[in-house]
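So you can see what is in the structure, the chains are spelled out below.
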Amino acid sequence: MAALREAEFAALQSLLKVSGVRAGGNGAPGPRLSALRFALRQAPSRDAVRQLCQECFSSPPAALGPLAQRACPGLAAGPVEAEQLVSALHNLTRHVVYRGLTRAEDILSLFPENFHQNLKNLLTKIILENISAWRNEAQASQISLPRLVDMDWRVDIKTSSDSIIRMAVPTCLLQLKIQEDAALCGNNPVVSALTVELSKETLDTMLEGLGRIRDQLSAVANK
Amino acid sequence: RVPSQQFSALTEVLFRFLTEPKEVERFLTQLSDFATMNKISLGPLKNIVKSVLLVPNGALKRNLSSEQVRADFIALGLSEEKASYFAEQWKVNSPTLTRLAVGQTLMINQLIDMEWKFGVTAGSSELEKVGSIFLQLKLVIKKGSQLENVYVELTLPQFYSFLHEMERVKTSLESFS
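Residues numbered from 1 in each chain as written. Chains lettered and ligands numbered in written order. Predicted model: local features only at pLDDT ≥ 70, side-chain atom pairs only at ≥ 80, totals over all residues. Heavy atoms only, no water.

- Chain B is annotated in an unreviewed UniProt entry as COMD7 protein from Sapayoa aenigma.

- Per an unreviewed UniProt entry, the recorded name for chain A is COMD9 protein, and the organism is Sapayoa aenigma.

Next up, the structure:
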């Protein structure tokens, strides 16, 4: 599957305006590029490109529109151009992370032949710098059941109740902090606390189950 | 007034009910059988049984010794012989009865059951190849009279930490038993 469509690679080249990369790579520059060369007198900044790449990767598809609008002034691009660029960057970065590409050659080979050489190198460099952070980000925001965030316990001794006036029964209170699926909550993850009471018998049964899990895990790990 | 032999039979019926409080049907059947066999009318028998049952329940609450139970029965007007017999039965059955009473004690969000599964995440929409292990627990919790299922996912390090903590809880509970 091709990483990006041809039009998207074309859109990426509008980064030339911002990146300070000098135009004049291989091949005859298309009409787009020659128009862009005049714009190179804009404030050049590799950091701006870096920043933009990061924002485009992290943004969910729905938020790309507003991101493009915010990026317009910095890019000295019209809204349509900015949107195409932002979308292309998003797709490119996500594709690299999806495929798990880690070598420069692999990333470079994604670009078409006539893509601006220096810009290609710059983008590849930026992607390589960020790839492992991006991978972790993808794994952290993966869909899952509610996740355990924290766990606390205390042991109480029950000394009396309405059914029996004097006793000394130890019991365990376990508090689990559970966070709902990150994808559903966006930036405000809902964390709920669940307090559960376990008798000694229940705890023993639970430990038996957990021990079995541990044994199976080590069996899997040793294969 | 009930003759001794029948009294011991009645006591047996009573204690069987006390140790298995859910068997109400059986208890009532046995009571009416007893009434028919001994030519006693059921109504008065039930009343007697009700007042008799109050004694072990009160004894349980207050952790009475069998001596005290015997004394209570004598105070109620039972013959020494019968009271002693009942107190003996009480001594034999009290561990079971105590256990039942403790079991009835209030528990908040009691954990009833735990099911688990673990596996490997092969891929996702963001990452073609993942290869990470996940562990999912389903906790069945009693909230009031209803059962509620809670699903939680743990990473491997979290699992080991959880196991470690639960072992510490076990040590703590054992030191207090």
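The structure having been displayed, the exposition proceeds.
1. Regarding the packing of helix α4 (residues 46-58) of chain A against helix α5 (residues 64-75) of chain A
Residue and element names in this part refer to chain A.
Turning to step 1, where the next piece is worked out: Where α4 meets α5, the closest approach of the two axes is 11 Å, and the angle between their N-to-C directions is 170°. By the angle between their directions, the pair α4 and α5 is classed as roughly antiparallel. Taking contact as the criterion, the partners of Leu52, Glu55 and Cys56 in α4 are, on α5, Leu64, Leu67, Ala71 and Leu75.
Turning to step 2, where the next piece is worked out: Class assignment for the residues of the contact of α4 with α5 results in six nonpolar, no polar and one charged. (Axes fitted to C-alpha atoms, helices over the stretch in contact; angles between N-to-C directions. Helix = DSSP H or I, 4+ residues; strand = E, 2+ residues; numbered from the N terminus. Parallel < 35°, antiparallel > 145°, perpendicular 65-115°, else oblique. Contact = heavy atoms within 4.5 Å. Nonpolar A, V, L, I, M, F, W, Y, C, P; charged D, E, K, R; others polar.)

2. Regarding the packing of aromatic side chains
Residue and element names in this part refer to chain A.
Turning to step 1, where the next piece is worked out: In the structure shown here, the tally under the stated rule is five aromatic pairs over all chains.
Turning to step 2, where the next piece is worked out: Here Phe57 and Trp134 contribute two aromatic rings whose centre-to-centre distance is 4.7 Å and whose plane-to-plane angle is 20°, an arrangement assigned as stacked. Residue Phe57 is found in helix α4, and its partner Trp134 is found in helix α8 (residues 117-140); the two are separated by 77 residues along the sequence.
Turning to step 3, where the next piece is worked out: Judged by relative accessible area, which is 4%, Phe57 ranks as buried. (Phe/Tyr/Trp six-rings, centres within 6.5 Å; stacked < 30°, edge-to-face > 60°. Buried < 20%, exposed > 50% of the residue type's maximum accessible area, 1.4 Å probe, protein only.)

3. Looking at the interface of chain B and chain A
Turning to step 1, where the next piece is worked out: The partner chain A presents 52 residues to the 54 residues of chain B that form the contact.
Turning to step 2, where the next piece is worked out: Summing both partners gives a buried area of about 5,100 Å² for chain B against chain A, and 71% of it is carried by carbon and sulfur.
Turning to step 3, where the next piece is worked out: Connecting chain B to chain A are four salt bridges.
Turning to step 4, where the next piece is worked out: Of the charged contacts in the structure, one is a salt bridge between Glu128(B) and Arg99(A), with a shortest N-O distance of 3.4 Å.
Turning to step 5, where the next piece is worked out: Inspection of the region where chain B meets chain A yields 15 residue pairs in polar contact (both at pLDDT 80 or more).
Turning to step 6, where the next piece is worked out: Among the elements of the structure, α3 (42-61), α5 (80-103), β1 (110-121), β2 (132-143), β3 (146-154) and α6 (156-176) of chain B are those that each provide at least two residues to the side of chain B that touches chain A.
Turning to step 7, where the next piece is worked out: At 16 residues, α6(B) tops the list of elements feeding residues into the side of chain B that touches chain A. (Buried area = accessible area lost by both parts, 1.4 Å probe. Salt bridge = Lys/Arg side-chain N within 4 Å of Asp/Glu carboxyl O. Polar contact = N/O pair within 3.5 Å; in protein donor to acceptor, adjacent residues only side chain to side chain.)

4. Structural notes on the side chain of Gln136(B)
Turning to step 1, where the next piece is worked out: Looking at the secondary structure, you find Gln136(B) in strand β2.
Turning to step 2, where the next piece is worked out: In terms of polar contacts, Gln136(B) uses its side chain to reach the side chain of Glu153(B), at 3.2 Å.

5. A word on the environment of Phe111(A)
Residue and element names in this part refer to chain A.
Turning to step 1, where the next piece is worked out: For Phe111, the position within the fold is in the loop between α7 (104-108) and α8.
Turning to step 2, where the next piece is worked out: Accessibility expressed as a relative area gives 5% for Phe111, which makes it buried.
Turning to step 3, where the next piece is worked out: Linking Phe111 and Thr124, residues 13 residues apart in sequence, is a C-alpha distance of 9.8 Å.
Turning to step 4, where the next piece is worked out: Beyond its immediate sequence surroundings of up to four residues, Phe111 is in contact with Phe9, Leu12, Leu92, Lys120, Leu123 and Thr124.

6. Description of the nonpolar core
Note on soluble globular proteins: their nonpolar side chains tend to be buried together.
Turning to step 1, where the next piece is worked out: Core analysis: the largest hydrophobic core is formed by 41 residues, its most contacted members being Leu12(A), Leu15(A), Leu52(A), Leu75(A), Leu89(A), Phe111(A) and Leu123(A).
Turning to step 2, where the next piece is worked out: Among the elements of the structure, α1 (6-12), α4, α5, α6 (79-99) and α8 of chain A are those that each provide at least two residues to this core.
Turning to step 3, where the next piece is worked out: Once you skip the residues sitting within four places of it in the chain, Leu12(A) turns out to touch Leu4(A), Leu85(A), Ala88(A), Leu89(A), Leu92(A), Phe111(A), Phe115(A), Leu119(A) and Leu123(A).
Turning to step 4, where the next piece is worked out: With 31 residues, the next largest nonpolar core counts Leu176(A), Leu207(A), Leu217(A) and Leu173(B) among its residues. (Core = buried A, V, L, I, M, F, W, Y, C linked by side-chain atoms within 4.5 Å.)

7. Structural notes on the pattern of salt bridges
Turning to step 1, where the next piece is worked out: For the coordinates displayed, the defined rule picks out 20 salt bridges over all chains.
Turning to step 2, where the next piece is worked out: Here Lys170(B) ties to Asp204(A) by a salt bridge, and the two come within 3.2 Å at their closest N and O atoms. Taken as a pair, Lys170(B) in helix α6 and Asp204(A) in helix α10 (residues 200-221) lie in two separate chains rather than in one.
Turning to step 3, where the next piece is worked out: The network of salt bridges with common partners includes Asp47(A), Arg50(A), Lys125(A) and Glu129(A).

8. Quick notes on the environment of Met167(A)
Residues and elements named next belong to chain A.
Turning to step 1, where the next piece is worked out: As for its position among the elements, Met167 is in the loop between β1 (147-158) and β2 (169-179).
Turning to step 2, where the next piece is worked out: Met167 gets classed as buried once you look at its relative accessible area, which sits at 11%.
Turning to step 3, where the next piece is worked out: Between the C-alpha atoms of Met167 and Ile157, which are ten residues apart in sequence, the distance is 8.8 Å.

9. So, the confidence of the model for chain A
Turning to step 1, where the next piece is worked out: Averaged over every residue, the pLDDT of chain A is 79; residues scoring 70 or more account for 83%.
Turning to step 2, where the next piece is worked out: Counting contacts from residues 24-44 of chain A, a segment whose pLDDT is below 50, to residues more than four positions away or on other chains yields 26 contacts. (pLDDT = per-residue confidence, 0-100.)

10. Remarks on the confidence of the model for chain B
Interpretation of the predicted coordinates at a detailed level should be avoided for regions scoring low in pLDDT.
Turning to step 1, where the next piece is worked out: Predicted confidence across chain B gives a mean pLDDT of 83, with 97% of residues reaching 70 or more.
Turning to step 2, where the next piece is worked out: What the predictor reports for the complex is a pTM of 0.69 with an ipTM of 0.72.

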